[in-house]
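What follows is each chain in one-letter form.
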Amino acid sequence: MMRLISIIFQLPLQRRDIAGFRASIARAAGYEQDLLHNHREDGSVQYRYPMVQYRSEQGKAALIGINEGRDAIFEWYQKAGDQLLWNKQFHMVRVENLNVQEYEIQYHAQPQRYKLTQWLALNDKNYQNWQSMAGLKDRSAELERVLAAHILTFCRAVNWRLPERLVVCITDIHSIERTRFLGINLMGFDLSFQSNLVLPEGIGLGKGVSHGFGVCRSEIQSNT
């Protein structure tokens, strides 16, 4: 079973401020709690799927915690109370919405429909190569290959072993936007896709999920 917590705070937060919000929580929790920041003691980055993901949800600060990441969030909040030192000021971080769930791996006979926002699939060079592909079929196949790899990365991180073949089909690309993450130029895709795997609501896929990129939601939930 995968344990998931989703929290929205009564704290205004724009996407551009997520990195600062994340750093403030890491300081408050203590840098020894590396699940909150994914850095080693020497400051180097740990390249692993982030079990704590920081978001801006409708202009408010939000956190997603998965398995041990959920426990790390609870420990931080119990330690910090409802105040956070951020940008040299104390801010109230009272909970507005809290959702705790458990999931297990499931396949579905009917394709499940999802929306993926600000999915960092390609860097500048890969994007140029992708654009130069002969036709839409080849472009879609390449994006589906990358997306399937990102879903498998998530599954491995939460110890899900897939007993069946994973099917991924991109049905629509809504927008493509250039963005920067950790000083690297990347292309962010907003798209819809289908899969035979039932994915937990709100997980991140791809690069930059610790900073709010690549949020995956049920298309039905997104439209309600």
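Let me begin by describing the structure that accompanies this report. (Residues numbered from 1 in each chain as written. Predicted model: local features only at pLDDT ≥ 70, side-chain atom pairs only at ≥ 80, totals over all residues. Heavy atoms only, no water.)

A few points about the state of the cysteines
Counting across every chain of the model gives zero disulfides. Here Cys155 stays unpaired: no disulfide links it, and the sulfur of Cys216, its closest cysteine neighbor, is 11 Å away. What makes Cys155 buried here is its relative accessible area of 1%. Owing to a relative accessible area of 1%, Cys216 belongs among the buried residues under this scheme. (Disulfide = S-S within 2.5 Å. Buried < 20%, exposed > 50% of the residue type's maximum accessible area, 1.4 Å probe, protein only.)

Describing the sheet that holds strand S10 (residues 215-218)
Spatial strand order, S8-S9-S7-S10: four strands in an open sheet with antiparallel pairing. Of all strands in the sheet, those with a lone pairing partner are strand S8 (168-181) and S10, marking the two edges. Across the sheet, the axes of successive neighbouring strands diverge by a mean angle of 15°, strand direction being ignored. Inspection of the sheet shows strand S7 (residues 107-123) paired to S10 by four bridges, in the antiparallel sense. The partner of Thr117 across the bridge, within S10, is Val215. (Pairing = 2+ DSSP bridges. Helix = DSSP H or I, 4+ residues; strand = E, 2+ residues; numbered from the N terminus. Axes fitted to C-alpha atoms, helices over the stretch in contact; angles between N-to-C directions.)

Regarding the sheet that holds strand S1 (residues 2-12)
Pairing between the strands of a sheet comes from backbone hydrogen bonds, and it takes one of two forms, parallel or antiparallel. The sheet built from four strands is open, its strands ordered S2-S3-S1-S6 with antiparallel pairing. Looking at which strands have only one partner, the edges of the open sheet turn out to be strand S2 (52-57) and strand S6 (95-103). Across the sheet, the mean angle from the axis of one strand to that of its neighbour is 15°, orientation sign disregarded. Relative to S6, S1 runs antiparallel, the two being bridged by eight bridges. Note on S6: the bridge partner recorded for Ile7 is Leu98. Along the sheet, helix H1 (residues 18-29) makes contact with S1, S2 and strand S3 (60-66), crossing S2 at roughly 135°. Seen against the sheet, helix H2 (residues 68-80) touches S1, S2, S3 and S6 and runs at an angle of roughly 40° to S1. (Contact = heavy atoms within 4.5 Å.)

Looking at the pattern of salt bridges
Under the defined criterion, the tally for this structure stands at seven salt bridges. A salt bridge links Arg94 to Asp82; the shortest N-O distance between them is 3.8 Å. With Arg94 in the loop between strand S5 (89-92) and S6 and Asp82 in the loop between H2 and strand S4 (83-86), this pair connects stretches of sequence that are 12 residues apart. (Salt bridge = Lys/Arg side-chain N within 4 Å of Asp/Glu carboxyl O.)

Concerning the nonpolar core
One finds Phe21, Ile66, Ile151, Phe154, Phe189 and Phe193 to be the most contacted residues of the largest nonpolar core, which totals 58 residues. Take this core: its biggest share by element is seven residues, from helix H4 (residues 136-157). Not counting residues up to four positions away in its chain, the partners in contact with Phe193 are Gln112, Arg113, Tyr114, Leu116, Leu147, Ile151, Val168, Cys169, Ile170, Thr171, Leu199 and Cys216. (Core = buried A, V, L, I, M, F, W, Y, C linked by side-chain atoms within 4.5 Å.)

Let's talk about the side chain of Ser192
Inspection of the secondary structure puts Ser192 in strand S9 (residues 184-197). The contacts of Ser192, once residues within four sequence positions are left out, are Tyr114, Lys115, Ile170, Thr171, Asp172, His174 and Glu219.

By themselves these figures say nothing about function.
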